[in-house]
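Structural overview
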Amino acid sequence: IKRYLTQFIIDDLDEKMVFIGGARQVGKTTLARDLISKSFKNFSYFNWDHRTDRKKILSMELPGNSELLIYDKIHKYKKWKNYIKGIYDQYKKEYKFIVTGSARLNIFRKGGDSLMGRYHYYTLHPLSLPEIINISNKIEIFKEIPLNQNHYSEFENLYEFGGFPEIFIKQNQRALRRWHNERIERLFKEEIRDITAIRDIGSLLLLAEILPSKVSSLLSINSIREDLEVSHRAVKLWVETLEYFYYIFRVYPFHNDSIRSLKKEAKLYLTDWSEIENEGARFENMVACHLLKLVNFMKEYNGYKSELFFLRNIDKKEVDFLVTVDKKPWFCVECKLSDESISPTIHYYKDRLNIPFAYQVIKKKNVHSLKKGIHVVSADRFLAALI
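Here we summarise the structure given alongside this text. (Residues numbered from 1 in each chain as written. Predicted model: local features only at pLDDT ≥ 70, side-chain atom pairs only at ≥ 80, totals over all residues. Heavy atoms only, no water.)

1. Section: the overall build of the protein
Quick note on the threshold: Helical segments are the DSSP runs of H or I of at least four residues, strand segments are the runs of E of at least two, and each set is numbered from the N terminus. Here the radius of gyration uses the C-alpha set of atoms, whereas the globule reference equals 2.2 Å times the residue count to the power 0.38. Partly exposed describes any residue whose relative accessible area lies between the buried limit of under 20% and the exposed limit of over 50%, with all areas from a 1.4 Å probe on protein chains only and scaled to the type maximum. Any two residues having at least one pair of non-hydrogen atoms within 4.5 Å are treated as being in contact. Shrake-Rupley sampling with a 1.4 Å probe provides the accessible areas, and residues are treated as covered by the protein chains on show and by no other component.
Looking only at helices and strands, the protein has 14 helices and 13 strands in total. Computed over C-alpha atoms, the radius of gyration of the protein comes to 21 Å, within 12% of the 21 Å expected from 2.2 N^0.38 for 387 residues, which places it in the range of a compact globule. C-alpha extents for the protein along the principal axes are approximately 65 × 50 × 45 Å. For the protein, the residues scored as buried account for 56% of the 387 residues in total. Excluding contacts between residues fewer than 6 apart, the proportion of contacts in the protein whose partners are at least 24 apart in sequence is 67%. In the form shown here, the protein has an accessible surface area of approximately 17800 Å², with 45% of it arising from carbon and sulfur atoms.

2. Topic: the side chain of Arg24
Stated formally: Pairs of N or O atoms within 3.5 Å make up the polar contacts considered here, provided that, within protein, one atom can donate a hydrogen while the other can accept it, and that residues adjacent in sequence are counted only when both atoms are side-chain atoms.
Among the structural elements, Arg24 can be located in the loop between β1 (17-21) and α2 (28-35). For Arg24, a relative accessible area of 12% corresponds to the buried category. Side chain to side chain, Arg24 and Glu190 meet in a polar contact 3.3 Å long. Not counting the four nearest positions on each side in its chain, Arg24 is found in contact with Ser102, Phe164, Arg183, Arg186, Leu187, Glu190 and Glu191.

3. Some points on the layout of surface pockets
Going by this rule: Grid points spaced at 1 Å over the protein atoms alone were grouped into cavities, where a 1.4 Å probe fits but cannot get out, and pockets, open sets with protein on both sides within 12 Å along at least five of seven lines, with lining residues defined by an atom within 4 Å of a point. Grid points are joined across faces, edges and corners, and a volume is the space filled by probe spheres set on the points. Polar here means any residue other than Ala, Val, Leu, Ile, Met, Phe, Trp, Tyr, Cys and Pro, which are nonpolar, and Asp, Glu, Lys and Arg, which are charged; Gly is therefore polar.
Looking at the largest pocket, its volume works out to about 770 Å³. Forming the boundary of the largest pocket are 31 residues, of which Arg104, Leu292, Asn296, Lys299 and Glu300 lie nearest the centre. Of all the elements in the fold, those that place two or more residues in the lining of the largest pocket are β5 (119-123), β6 (248-253), α12 (279-300) and β8 (306-312). With 6 residues, α12 is the single largest residue contributor to the lining of the largest pocket. Here the lining of the largest pocket is built from residues that sort into 16 nonpolar, 9 polar and 6 charged.

4. Brief notes about the packing of helix α9 (residues 201-210) against helix α10 (residues 221-228)
Quick reminder of the rule: Under this scheme, a helix contributes an axis fitted over its contacting stretch, all axes are lines through C-alpha atoms, and angles between N-to-C directions fall in the 0 to 180 degree range. An angle below 35 degrees is read as roughly parallel, one above 145 as roughly antiparallel, one from 65 to 115 as roughly perpendicular, and any other as oblique. The hand of a helix crossing depends on one turn: near helix anticlockwise from the far one by less than a right angle means left-handed, and clockwise means right-handed.
Packing of α9 against α10 brings their axes to within 11 Å, and their N-to-C directions diverge by 120°. By the angle between their axes, α9 is oblique relative to α10. Our pair here, α9 against α10, has a crossing hand that is right-handed. Residue-level contacts link Ser203, Leu206, Leu207 and Ile210 of α9 to Ile224, Asp227 and Leu228 of α10. Across the contact of α9 with α10, the residue classes break down as 5 nonpolar, 1 polar and 1 charged.

5. Examining the sheet that holds strand β13 (residues 374-378)
Applicable threshold: For two strands to count as paired, DSSP must find a minimum of two bridges between them.
Within the open sheet, the 8 strands sit side by side as β7-β6-β8-β9-β10-β11-β13-β12. Their pairing is mixed. Looking at which strands have only one partner, the edges of the open sheet turn out to be β7 (267-270) and β12 (368-371). Adjacent strand axes in the sheet meet at a mean angle of 30°, parallel and antiparallel pairs treated alike. Sheet topology note: the strand β10 (residues 328-336)/strand β11 (residues 357-362) ladder contains 6 bridges and is parallel. Residue pairing across strands places Cys335 opposite Val361, the latter belonging to β11. Running over the sheet, α12 touches β6, β7, β8, β9 (318-325), β10 and β11 and is turned about 160° from β10.

6. Some thoughts on the pattern of salt bridges
Counted only if it meets this: By definition here, a salt bridge exists when the distance from a side-chain nitrogen of Lys or Arg to a carboxyl oxygen of Asp or Glu is within 4 Å.
Evaluation of the coordinates by the stated rule reveals 26 salt bridges. Across the salt bridge formed by Arg225 and Glu226, the nearest N and O atoms sit 3.8 Å from each other. According to the relative accessible area criterion, Glu226 is partly exposed, its value standing at 48%. Between Lys336 and Glu334 there is a salt bridge whose closest N-O contact spans 3.7 Å. Owing to a relative accessible area of 24%, Lys336 belongs among the partly exposed residues under this scheme. Overlapping salt bridges, with partners in common, bring together Arg24, Asp49, Lys73, Lys76, Glu190 and Glu191 in one network.

7. Focus: helix α6 (residues 152-161)
Taken as a whole, α6 has its buried residues at Tyr152, Phe155, Leu158, Tyr159 and Phe161. Where α6 is buried, its residues touch α5 (129-132), α7 (165-170), α8 (173-195), α12 and α14 (379-383). Looking one or two residues past α6, Gly162 carries a phi angle of roughly 80°, positive in sign.

8. Focus: the state of the cysteines
Applicable threshold: Throughout, a disulfide means two cysteine sulfur atoms within 2.5 Å of one another.
Taken as a whole and assessed by the stated rule, the structure comprises 0 disulfides. The thiol of Cys289 is not disulfide-bonded; the next cysteine sulfur, from Cys335, is found 11 Å away. We classify Cys289 as buried; its relative accessible area is 8%. As a non-bridged cysteine, Cys335 has Cys332 as the owner of its nearest cysteine sulfur, 11 Å distant.

9. Regarding the pairing of β1
Across the 5 residues of β1, 5 count as buried, placing the element largely inside the fold. Because side chains alternate across β1, one face comprises the buried residues Met17, Phe19 and Gly21, and the other comprises Val18 and Ile20, equally buried. The sheet contact formed by β1 and β5 spans 5 bridges and is parallel. The residue of β5 that forms the bridge with Met17 is Tyr119.

10. Digging into the side chain of Asp380
Which entries qualify depends on this criterion: Charged residues are defined here as Lys and Arg on the positive side and Asp and Glu on the negative side; His and the ends of the chain fall outside this count.
In this structure, Asp380 sits in helix α14. Although buried, Asp380 forms no salt bridge, and the nearest oppositely charged side chain, Arg381, lies 5.8 Å from it. From its side chain, Asp380 meets the backbone nitrogen of His151 in a polar contact 2.7 Å long. Among the polar contacts made by the side chain of Asp380, one reaches the main-chain amide nitrogen of Tyr152 at a distance of 3.3 Å.

Interpretation note: all reported values are geometric properties and have no functional meaning in isolation.
Structure (structure tokens):
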């Protein structure tokens, strides 16, 4: 499957290093080794988890005939930022550099020497509908999303198996269940334990069991603290850690005085929506992942200050998502399983915030109508028009 970032990363390597962050098993290594490397005559790959590669990294043993150097999981090395800075400053004329990791490489390791100005950062997201149907959309900010293609069978497969390449390609329920268990075990015991100071992995695993039931709801740290019988500080740290490792993400309310909006409470989503049993929550999570992928791409490649919010005021009027650029509303999205009647809260927020475009996205095929300026559209049509 052709990944959406391949050519953009190749182009950026002419200017700086490229860091690729993203969830474990989302396809970072495949992207770097099998897709990007095809544009170079020779490349070298170093994996911090491999003993031989680790020795080469620490001894700064570099191949003489490679054009591209790929460092995978080097964020597990405590001094990795200083190491990468030093080797890049010394050899940037001889090599191009890619650094990949399952944590947020641009913020996870604080302190040490700064890499500012030396790299471009990309977040690799799970597969989205445009990727699996192999279409590339050119999206312009503050323009309407073009809704013109039906891909419902592909949408159903993506909804059921999630967007992680290995399991999406297999499309087998038994393999999916095993993959869920193995992925969580390895993330917690091989990634988080190796890098963080967290040692209560058992409680962290319990938290991971609870979180799918919290998806699409306001996240209450205090409620989780009571469920796990641990401190508020511990739960807060664990949630932030799971976010650093791309296991979850939070969407925050858009603040505007004219709608008396909430200020703090975030909604929770998983990077892998296939873990969620509730149909409505899974559907909303899948849409959230597609929208987050869009805003991250617009920010990381195009340089726009794009963000994903939800709308909710003190009267509990809510719309699931709002996409903004420079804090200005671009479009809002409400998710429904089958209800085609427009939610009145969309009109409320569209008028109050002067939102240019609004979409009510339905988990049904062959739906598209325009009612009083609001698109009621099948999920496959809407998602296929994104990134």
